[in-house]
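# Notes for the structure review
So you can see what is in the structure, the chains are spelled out below.
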Amino acid sequence: MFLPIDASSGLPVYRQIMEQVRRMIVAGRLPAGEKLPSVRDLAVTLGINPLTVGKAYSELERGGIIEMRRGLGMFVRESAVDVAGGRGGTPSGVAAAARRLVLEAAQAGMTMTQTVRSVESEWREVGPRPASLERKQR
Amino acid sequence: MSEACVLFSGVQKKFGETPALRGFDLEVPKGSIVGLLGRNAAGKSTALRCMAGLERPDAGTIRVLGRDPNSFDVPLRQRVVYLAETGVPFSGARVRALIELCAPLYPHWDFALQDRMLAQFGIAPDRKLKELSLGQQRAVGLMLAVCPQPELLILDEPAANLDAVVRRELLETVLRLIGDGERTVIVSSHMLGDVERVADHVAIMHAGRRLLQAPLDELKERSRRLRFSFAAAPPETLVLPGLVSLRRGARELLATVVDYDESAAASVAAAHGAHVEAAPLGLEELFIDLVGEHGLATRRAA
């Protein structure tokens, strides 16, 4: 499993791993039941601390995306696509931030289209790049 | 947090009239990889030499694996390895002779790892150390440091002056050694990018003291650069939690905080009629803000 990691980013590496595993699951590149590399193997492949990989895995496990099978390793859960794809709803922090954004934008006299555009431009600036840029064939 | 593998408390050390450590504190959790950062002459090497029992502090307490490293007996010495910034002495010795010197001193010497590393770095055991490339010399040093399978590995600038490829190979060696949560590594380095990859904790020191120590992820999640924009000239200073650096422009203040609190920043901005934007920052930028010319700690120490 190859994940591009930017260790010098302000985003902690374990979060980068979580985000990319999620995206691979949503894009169908990590199907349900697929085995993930061991913590140590992934750490050595990426040249990062195994504790960081372990933290990413345990957070993904807590989020119901992957599961530990005793003695076998970590696997993508059957329900992972739904969970990772956010079909369970918008996370509460994001919903609250969106509400604040709408209120501020309305106070500033912006229209909905203008507000959505400003979100889009911020996303292009600081958001994760779309998976299509990593791998074109899908 | 798990038990401490290394503990420094108020450690002071002078060389002649020059203070190297001025009340240095450090807690290294067992099983972690700690990056010890600081500018030149911050006291990193002295701290590591004290940790290895090579210097006796003038004041303060040091505990390594629960004991004072200056009173280590042989079994304790076998559990701690220190690799100096200057690498391995005896540069005229052949690699084989160095191995024959070191291996019998340690009960758990890993001969398979030794052979793997020699092969990986293309080192012939009958070569003299000084005949090898710099990268190979460093690899010999690291090989002699990891083959004892120490519980605590102390590395002082292990990758200085090496190209990125060799540095990555050396880092991978260290990463393979740990990962079972039983071994602890403390490494000083100017290569912040390397530290960001391998360390789970960072400790930043300046002028013989610890400025900051935190899990790296936590540090990144809680550090921000805040840009306050004002309609008129900005105030001289702002009161913000975890403020470490402040830069003043004509219409703005750039503040770096290590304890970001969105609502605190917003209410400070509101109180001054300012607008605030927050951006995350990487370790290198944070380091520069902490110990560079705009760092508050630097100004206090000067």
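Look above for the structure.
Structure report, in brief. Since the model is a prediction, treat every value here as computed from it, not as a measurement. (Residues numbered from 1 in each chain as written. Chains lettered and ligands numbered in written order. Predicted model: local features only at pLDDT ≥ 70, side-chain atom pairs only at ≥ 80, totals over all residues.)

### A short note on the overall build of chain B
Spelled out, the test is: Runs of H or I in DSSP of at least four residues are treated as helices and runs of E of at least two as strands, each being numbered from the N terminus. The burial label depends on the number of other C-beta atoms within 10 Å of a residue's C-beta. Counts of 20 or more mean buried, 12 or fewer mean exposed, and intermediate counts mean partly exposed, with C-beta atoms placed from the backbone. The contact criterion used is a C-beta to C-beta distance within 7 Å, with each C-beta placed from the backbone.
When helices and strands are counted, chain B shows eleven helices and 13 strands. Taken along its principal axes, the extent of the C-alpha atoms in chain B is 70 × 40 × 35 Å. Per-residue burial over chain B gives 43% buried out of 302 residues. Contacts spanning at least 24 positions in sequence make up 69% of the contacts within chain B whose residues lie at least 6 apart.

### Let's talk about the overall build of chain A
For chain A, the count of helices and strands is seven helices and two strands. The helix and strand sequence of chain A, counted from the amino end, reads α-α-α-β-β-α-α-α-α. In chain A, which comprises 138 residues, the proportion classed as buried is 24%. For chain A, long-range pairs separated by at least 24 residues make up 54% of all intrachain contacts whose partners lie at least 6 apart in sequence.

### Things to note about the sheet that holds strand β12 (residues 252-257) of chain B
Residue and element names in this part refer to chain B. Our working definition: Two strands are said to pair when DSSP picks up at least two bridges between them. Throughout, an axis means a line fitted to C-alpha atoms (over the contacting stretch in the case of helices), and angles, computed between N-to-C directions, take values from 0 to 180 degrees.
With antiparallel pairing, the four strands of this open sheet are ordered in space as β11-β12-β10-β13. Only two strands of the sheet have a single partner each, and these edge strands are β11 (243-248) and β13 (275-279). Strand-to-strand twist in this sheet, taken as the mean axis angle between neighbours without regard to direction, amounts to 20°. Pairing analysis gives five bridges linking strand β10 (residues 224-229) to β13, with the strands arranged antiparallel.

### Overview of the interface of chain A and chain B
Defined as follows: Any residue outside Ala, Val, Leu, Ile, Met, Phe, Trp, Tyr, Cys, Pro, Asp, Glu, Lys and Arg is labelled polar, Gly included; the first ten of those are nonpolar and the last four are charged.
Taken together, the contact pairs 16 residues of chain A with 22 residues of chain B. Here the side of chain A that touches chain B is composed, by residue class, of nine nonpolar, six polar and one charged.

### A few points about the packing of helix α2 (residues 39-46) of chain A against helix α3 (residues 50-62) of chain A
All names here are of chain A. As a reminder of what qualifies: Comment on the angle field: the value is read as roughly parallel under 35 degrees, roughly antiparallel over 145, roughly perpendicular from 65 to 115, and oblique elsewhere. The sense of a crossing depends on the near helix, which, turned anticlockwise from the far helix by less than a right angle, makes the crossing left-handed and, turned clockwise, makes it right-handed.
Where α2 meets α3, the axes come as close as 8 Å, and the angle between the chain directions of the two elements is 125°. Viewed along their axes, α2 and α3 adopt a mutual orientation that is oblique. For the pair α2 and α3, the crossing hand works out as right-handed. Across from V39, R40, L42 and A43 in α2, the residues of α3 making contact are P50, V53, G54 and Y57. Classifying every residue of the contact of α2 with α3 by side-chain character gives six nonpolar, one polar and one charged.

### Considerations on the pairing of strand β8 (residues 201-206) of chain B
Remark: a regular strand shows side chains that alternate across the two faces of the sheet. Residues and elements named next belong to chain B. Burial runs high along β8: six of the six residues are buried. Residues H201, A203 and M205 of β8 are buried on one face, and the alternating residues V202, I204 and H206, pointing to the opposite face, are buried as well. For strand β3 (residues 33-37) and β8, the ladder comprises four bridges, and the chain directions are parallel. By the bridge assignment, G35 is partnered in β8 with V202.

### Side note on unusual backbone geometry
Trans is the common state for peptide bonds, and a negative phi is the common state for residues other than glycine. Residue and element names in this part refer to chain B. Of note, the phi angle at L65 is positive, near 50°, even though the residue is not glycine. You can call L65 partly exposed: it has 16 C-beta atoms within 10 Å. The phi angle at N161 is positive, at roughly 65°, despite the residue not being glycine. Among the structural elements, N161 can be located in the loop between β6 (152-156) and α6 (164-177). For N161, a count of 10 C-beta atoms within 10 Å corresponds to the exposed category.

### Observations regarding the nonpolar core
Residues and elements named next belong to chain B. Inclusion rule: Only buried Ala, Val, Leu, Ile, Met, Phe, Trp, Tyr and Cys residues enter a nonpolar core, and they are joined through C-beta atoms within 7 Å.
The biggest cluster of nonpolar side chains holds 108 residues, and the ones touching the most others in it are V6, M51, I154, V202 and I204. Among the elements that take part in this core, helix α5 (residues 134-146) stands out by supplying seven residues, more than any other. Other than its neighbours up to four places away in sequence, M51 contacts V6, I62, V64, P69 and I154.

### What about α5(B)?
All names here are of chain B. Heads up, the rule is: Expected helix span is computed as 1.5 Å times (number of residues minus one).
End to end, α5 covers 18 Å across 13 residues, agreeing with the expected 18 Å (1.5 Å per residue, within 8%). All of the buried residues along α5 are G135, Q136, Q137, R138, A139, V140, G141, L142, M143, L144, A145 and V146. If you follow the buried residues of α5, they end up packed against β5 (80-83), α3 (95-102), α4 (111-120), β6 and α6.

### Some thoughts on the packing of α5(B) against α6(B)
Each packed pair of helices is defined by two parameters, the angle between the axes and the distance between the axes. Residues and elements named next belong to chain B. Where α5 meets α6, the closest approach of the two axes is 11 Å, and the angle between their N-to-C directions is 5°. Considering the angle they form, α5 stands roughly parallel to α6. Contacts from G135, R138, A139, L142 and V146 in α5 reach V166, L170, T173 and L177 in α6. For the contact of α5 with α6, the class distribution of residues is six nonpolar, two polar and one charged.

### Let's talk about the sheet that holds strand β4 (residues 59-64) of chain B
All names here are of chain B. A sheet is described by the order of its strands in space; here three strands give the open sequence β2-β1-β4, paired in antiparallel fashion. This sheet does not close on itself; its edge strands, each paired only once, are β2 (18-29) and β4. The average undirected angle you get between the axes of adjacent strands in this sheet is 15°. In this sheet, β2 lies alongside strand β1 (residues 4-15) in antiparallel orientation, the contact comprising nine bridges. When the sheet's bridge partners are listed, V11 is paired in β2 with F24.

### Focus: the pairing of strand β7 (residues 184-188) of chain B
Residue and element names in this part refer to chain B. The element β7 is extensively covered by neighbouring structure, given that five of its five residues are classed as buried. Burial of the side chains of β7 extends over both faces: T184, I186 and S188 are buried on one face and V185 and V187 on the other. Bridge count for β3 against β7 is four bridges, and the pairing is parallel. Bridge assignment links I33 to a residue of β7, and that residue is V185. Pairing analysis gives five bridges linking β6 to β7, with the strands arranged parallel. Each residue of the ladder has a partner; that of L153, found in β7, is V185.

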